[in-house]
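The lines below spell out each chain.
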Amino acid sequence: MTGEPPARTGPGGPAAGADAAPPPARARTRPWRDRLVALAWMALIWCLLWGRFTWGNLVAGLLVAAAVLVFFPLPPVTFGGRLRPRALLVLLGRFLTELVVASAHVAWLAVRFGHRPRDAIIAVRLRVRTDLNLALTAELISLVPGTLIIEVDRDRGVLYVHVLDARGPEDLAASRRRVLVTEARLVRAIGSPAELRLLDTPAPADPGRPGGFADAVRPVDRGPEK
Amino acid sequence: MTWGAVADWAGAACLVLGGLLSLVAGIGVLRFPTVLDRMHAATKPQVLGVLLLLAGVALRLRTPSDIGMIVLVAIFQLATAPVAAQMIGRAAYRSGRVERPLADADQR
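Sequence order as written defines residue numbering, which begins from 1 separately in each chain. Whichever chain is written first is A, and whichever ligand is written first is 1; the rest continue in order. Side-chain atom pairs in this predicted model are given and counted only at pLDDT of 80 or more, local residue features only at pLDDT of at least 70, and totals for whole chains, interfaces and linings cover all residues. For side-chain calculations, the full set of non-hydrogen atoms in the structure is used, while hydrogens and water are omitted.

The next thing to look at is the overall build of chain A. Per the convention used, a helix needs a DSSP run of H or I reaching at least four residues, while a strand needs a run of E reaching at least two, with both numbered from the N terminus. From N to C terminus, chain A includes 7 helices and 3 strands. Mapped in sequence order, the helices and strands of chain A form the string α-α-α-α-β-α-β-β-α-α. When each of the 226 residues of chain A is scored for burial, the buried share is 40%. Nonlocal contacts in chain A, meaning residues at least 24 apart in sequence, comprise 75% of its contacts between residues at least 6 apart. The accessible surface values rely on the Shrake-Rupley method and a 1.4 Å probe; as for residues, cover is taken only from the protein chains in view. Split by element, the accessible area of chain A, about 12,500 Å² in all, is 66% carbon and sulfur. Burial classes: relative accessible area under 20% of the type maximum marks a residue as buried, over 50% as exposed, and values in between as partly exposed (1.4 Å probe, protein chains only). The contact criterion used throughout is that any non-hydrogen atoms of two residues lie within 4.5 Å.

Counted as salt bridges are all cases of a side-chain nitrogen of Lys or Arg within 4 Å of a carboxyl oxygen of Asp or Glu. Counted according to the given criterion, the structure contains 9 salt bridges over all chains. Here A:R178 makes a salt bridge to A:E98, at a shortest N to O gap of 3.6 Å. Taken as a pair, A:R178 in helix α6 (residues 169–190) and A:E98 in helix α4 (residues 85–111) lie far apart in primary sequence, 80 residues in all. The exposure class of A:E98 is buried, given its relative accessible area of 9%. Close ionic contact of B:R62 with B:D8 constitutes a salt bridge, the shortest N to O distance being 3.2 Å. Here B:D8 lies in helix α1 (residues 3–31) and B:R62 lies in the loop between α2 (35–61) and α3 (64–94), a separation of 54 residues in the sequence. With a relative accessible area of 41%, B:R62 lands in the partly exposed category. Overlapping salt bridges, with partners in common, bring together A:E98, A:R178 and A:R185 in one network.

Take the nonpolar core next. One broad rule of soluble globular proteins: the nonpolar side chains tend to lie buried together. Judged by nonpolar contacts, the single largest core of 21 residues is most densely connected at A:L99 and B:V47. Elements that contribute at least two residues to this core include exactly α4 and α6 of chain A together with α1, α2 and α3 of chain B. The element contributing the most residues to this core is α2(B), with 7 residues. Leave out the neighbours within four places in its chain, and A:L99 touches A:L143, B:K44, B:V47, B:L48 and B:L51. To define a nonpolar core, start from buried Ala, Val, Leu, Ile, Met, Phe, Trp, Tyr and Cys residues and group those joined through side-chain atoms within 4.5 Å. Counting residues in each nonpolar core, the second largest holds 16 residues, with A:I122, A:V124, A:A138 and A:L172 among its members.

Quick look at the environment of A:G93 now. Residues and elements named next belong to chain A. Note that G93 resides in helix α4. The class for G93 is partly exposed, based on a relative accessible area of 34%. G93 sits 47 residues away from L140 along the chain, and the two C-alpha atoms are 13 Å apart.

Another aspect to go through is the sheet that holds strand β1 (residues 120–125) of chain A. All names here are of chain A. Here, any two strands with at least 2 DSSP bridges between them count as paired. Taken in spatial order, the 3 strands make up an open sheet running β1-β3-β2, and their pairing is antiparallel. Of all the strands in the sheet, just β1 and β2 (147–153) have a single pairing partner and so form its edges. When the angles between neighbouring strand axes are averaged without regard to direction, this sheet yields 30°. As paired strands, β1 and strand β3 (residues 158–163) are joined by 6 bridges and run antiparallel to one another. From the neighbouring strand, R125 faces β3, where its bridge partner is V158. Axis definition: a line fitted to C-alpha atoms, over the contacting stretch in the case of helices. Angles run 0 to 180 degrees between N-to-C directions.

Looking now at the side chain of A:D153. All names here are of chain A. With respect to the helices and strands, D153 occurs in strand β2. Think of a polar contact as two N or O atoms within 3.5 Å of one another; within protein, one of them needs to be a possible hydrogen donor and the other a possible acceptor, and neighboring residues in sequence only count if both atoms come from side chains. Reaching out from D153, the side chain makes a polar contact with the side chain of R156 at a distance of 3.0 Å. Excluding residues that lie within four positions of it along the chain, D153 makes contacts with V158 and Y160.

Glancing now at the pairing of β1(A). On a regular strand, each side chain points to the face opposite its neighbour's, so the side chains alternate between the two faces of the sheet. Among the 6 residues that make up β1(A), 6 are buried, leaving the element largely enclosed by the rest of the structure. Burial along β1(A) is two-sided: A:A120, A:I122 and A:V124 facing one way and A:I121, A:A123 and A:R125 facing the other are all buried.

Another point: the domain arrangement of chain A. Start and end points for every domain follow an automatic or database-based domain assignment. Assigned domains within chain A: domain 1 (26–71) and domain 2 (85–200). Just the C-alpha atoms count here: the centres of domain 1 of chain A and domain 2 of chain A sit 31 Å apart.

Once that is clear, we can look at the confidence of the model for chain A. Residues and elements named next belong to chain A. Along the chain, pLDDT gives the predictor's confidence residue by residue, from 0 to 100. Averaged over every residue, the pLDDT of chain A is 75; residues scoring 70 or more account for 73%. Within chain A, the element-level pLDDT minimum falls on helix α1 (residues 25–28), averaging 48, and the maximum on helix α3 (residues 55–71), averaging 91. Note that residues 206–226 has pLDDT below 50 and, in this model, 46 contacts with residues that lie over four places away or in other chains.

Another point: the packing of helix α5 (residues 131–141) of chain A against α6(A). Residues and elements named next belong to chain A. Their axes nearest at 10 Å, the elements α5 and α6 cross at an angle of 125°. Judged by the angle between their axes, α5 and α6 are oblique. Considering the relative orientation of α5 and α6, their crossing is right-handed. Within the contact between the two elements, α5 uses N133, L136, T137, L140 and I141 and α6 uses V179, T182, E183, L186, V187 and I190. Tallied by class, the residues present in the contact of α5 with α6 amount to 7 nonpolar, 3 polar and 1 charged. Oblique is the label for any angle not under 35 degrees, not over 145, and not in the 65 to 115 range, which are roughly parallel, roughly antiparallel and roughly perpendicular in turn. Crossing handedness follows the turn of the near helix against the far one: under a right angle anticlockwise gives a left-handed crossing, and clockwise gives a right-handed one. Charged means Asp, Glu, Lys or Arg here, nonpolar means Ala, Val, Leu, Ile, Met, Phe, Trp, Tyr, Cys or Pro, and polar covers whatever is left, Gly included.

Right, here's the structure in full:
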């Protein structure tokens, strides 16, 4: 889990900037690969929806996928990392356990009488700021105990997280740690070597202080005060 | 007992468990005080409940094409439930419907 990332000094491994996410320039040069992956994935979904793998389904799926790609273009989400099967298994296993724990936690809170959960909103700055990492981390932390994503600041790589049943600052620090640990697990599973190196930099916000960067909390204008 | 019977019983257990979790998710949505708390109930127990129900159905049906469809449903459930909860939570947050005394670590 805590193994050092391989010291990789080769092509495509520029010195990771101290602050910013690794530039996706290398990945940008491969738009065709991304489109092919999307095409194959959508054709596979089409076949699964029909329930049969026939040549007709495959051709129809490819046609529909091509039409979707042409007529509904989305901003490119490039995958610049690599899959690591062992870390992926760790991610999956921990995710399933945490999903069960989270469900039991929420279920217990729901059926408990006379308990009014106190909650909080914290801002957590992630270390790897690619779109893919932000989105996947946000998805994952909504399904692990106690945290729920409510807002994403894409430019600064900040997730605004709602914490259920927070009784004190230590609960908030624990939630912040949990988000960063989830991110680390994800990057170890699918991140690029440069992103892995970013994990070794200390977390941008001091985990001990819940209000560590008060300027970052309250991301949006909430309209007139009540 | 044959393997088929074992799978049937395991599937039945999954179905009951998934149903109970979905029920608890509903109770949570009803009983939690704020929108954001309710979204917790609508994501975690609900997603696990659906996954268990799907596992139960898969164990009962045991045909490749059905299992393909079930896997697809599971993937999309996992991908969309947090997004839906986030959209609702964000709307509540932006329109100021997050109760201040409860969200007490906000802007501390």
